[in-house]
Every structure is written in C-alpha cells, then in structure tokens.
Amino acid sequence: PAGAERARAIDETVSGVDRAIAALPPASRGELAQLFALLALSPGRRVFAGVASPWADADASEVAAFLDAWRASGWELKRSAYDALHQLVLAAWYANPRSWPAIGYPGPPPLAV
C-alpha cells in the first residue's frame, strides 16, 4: 500500500509535468525537448549529468548528486536547466489535489454560479 501510494503519486506528478510542458510556449517546449534528448542519450547523461546508468536504473543517490551539482553549478546553463526541472515538478505536485492536505490548502473556493 505505501509503495503503491508512492508510485501513484509519482505517476500523477509525471502526468502533471507533461501537462505543464504542453502549456508552455513552443520555444520553451523545444528547449526542454532538447534537454531531455541530451539526457536520454548515454553519452550526454554521463558527461552532463554524471549518471552512468539509464535513468530507470539510476540509484537515487546518483540522481540526487546530479541535481545538486546542477543546482550549484558555475555554468549558468546547468543552473537554468535545474531551475526549469525543479519548477515543473513543483508546479505538477502542488497542482495535484492530493498534495493539498499536507500543506494545509483547502482547495480553491467554489465558483459562484
């Protein structure tokens, strides 16, 4: 149950990221597509993210190290990419009604008809 709930939350967040990306301007969607394509290829993932394994097999500590390195990078492009990924995931999570009780948000007010 706890594992299934976690998997469901991850799936919902990934779907939310997809929806958020779909709502971005075409130029931003293109930039994200380039970033994802670079990180999907083994050489790009190794060189730019420092992750040798395919993403599905990557250890959580490898992924955390990659994100921490990009967040604190001296290269502005990596920091910008980190910020974009971070904002997309946060937007997707907090847009999910299942996250609202944890932050004390009662949800949007009802619309008057």
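Each remark here, short or long, concerns the structure printed above.
No experiment lies behind these values; they were computed from the predicted model shown. (Residues numbered from 1 in each chain as written. Predicted model: local features only at pLDDT ≥ 70, side-chain atom pairs only at ≥ 80, totals over all residues. Heavy atoms only, no water.)

Quick look at the environment of A20
Just so we agree on the cut-off: A run of H or I in DSSP counts as a helix once it spans at least four residues, and a run of E counts as a strand once it spans at least two, with each numbered from the N terminus. Three exposure classes are used, based on accessible area relative to the maximum for each residue type with a 1.4 Å probe and protein chains only: buried under 20%, partly exposed in between, and exposed over 50%.
One can find A20 in helix α1 (residues 2-22). What makes A20 partly exposed here is its relative accessible area of 22%. For the pair formed by A20 and A56, sequence separation is 36 residues and the distance between their alpha carbons is 22 Å.

Regarding the layout of surface pockets
Defined as follows: Detection works on a 1 Å grid of protein atoms alone, calling trapped sets that fit a 1.4 Å probe cavities and calling open sets with protein on both sides within 12 Å along at least five of seven lines pockets, with lining residues defined by an atom within 4 Å of a point. Grid points are joined across faces, edges and corners, and a volume is the space filled by probe spheres set on the points. Here the term charged refers only to Asp, Glu, Lys and Arg, the term nonpolar to Ala, Val, Leu, Ile, Met, Phe, Trp, Tyr, Cys and Pro, and the term polar to all other amino acids, Gly among them.
Of the pockets and cavities examined, the largest pocket occupies roughly 890 Å³. Along its surface, the largest pocket is lined by 20 residues, and V14, V63, L67, L85 and V89 are the ones closest to its centre. For the lining of the largest pocket, the secondary structure elements donating two or more residues are α1, α2 (26-40), α4 (60-71) and α5 (76-95). Here the lining of the largest pocket gets 7 residues from one element, more than from any other, and that element is α1. For the lining of the largest pocket, a count of residues per class yields 16 nonpolar, 2 polar and 2 charged. Considering only enclosed or pocket space, the second largest pocket measures out at about 360 Å³ in volume. As for the second largest pocket, its lining consists of 16 residues, and the residues nearest its centre are E31, L35, L77, S80 and A81. Those elements giving two or more residues to the lining of the second largest pocket turn out to be α2 and α5. Taken together, the residues that form the lining of the second largest pocket break down as 11 nonpolar, 3 polar and 2 charged.

Some words on the side chain of S99
Applicable threshold: Polar contacts, as used here, are pairs of N or O atoms within 3.5 Å; protein pairs need one atom able to donate a hydrogen and one able to accept it. Residues neighboring in sequence count only if both atoms are side-chain atoms. Should any heavy atoms of two residues lie within 4.5 Å, those residues are considered in contact.
On the secondary structure map, S99 appears in the loop between α5 and α6 (100-103). For S99, a relative accessible area of 1% translates into the label buried. Only 2.8 Å separates the side chain of S99 from the backbone oxygen of W93, close enough to count as a polar contact. Aside from chain neighbours lying at most four places away, what touches S99 is W93 and Y94.

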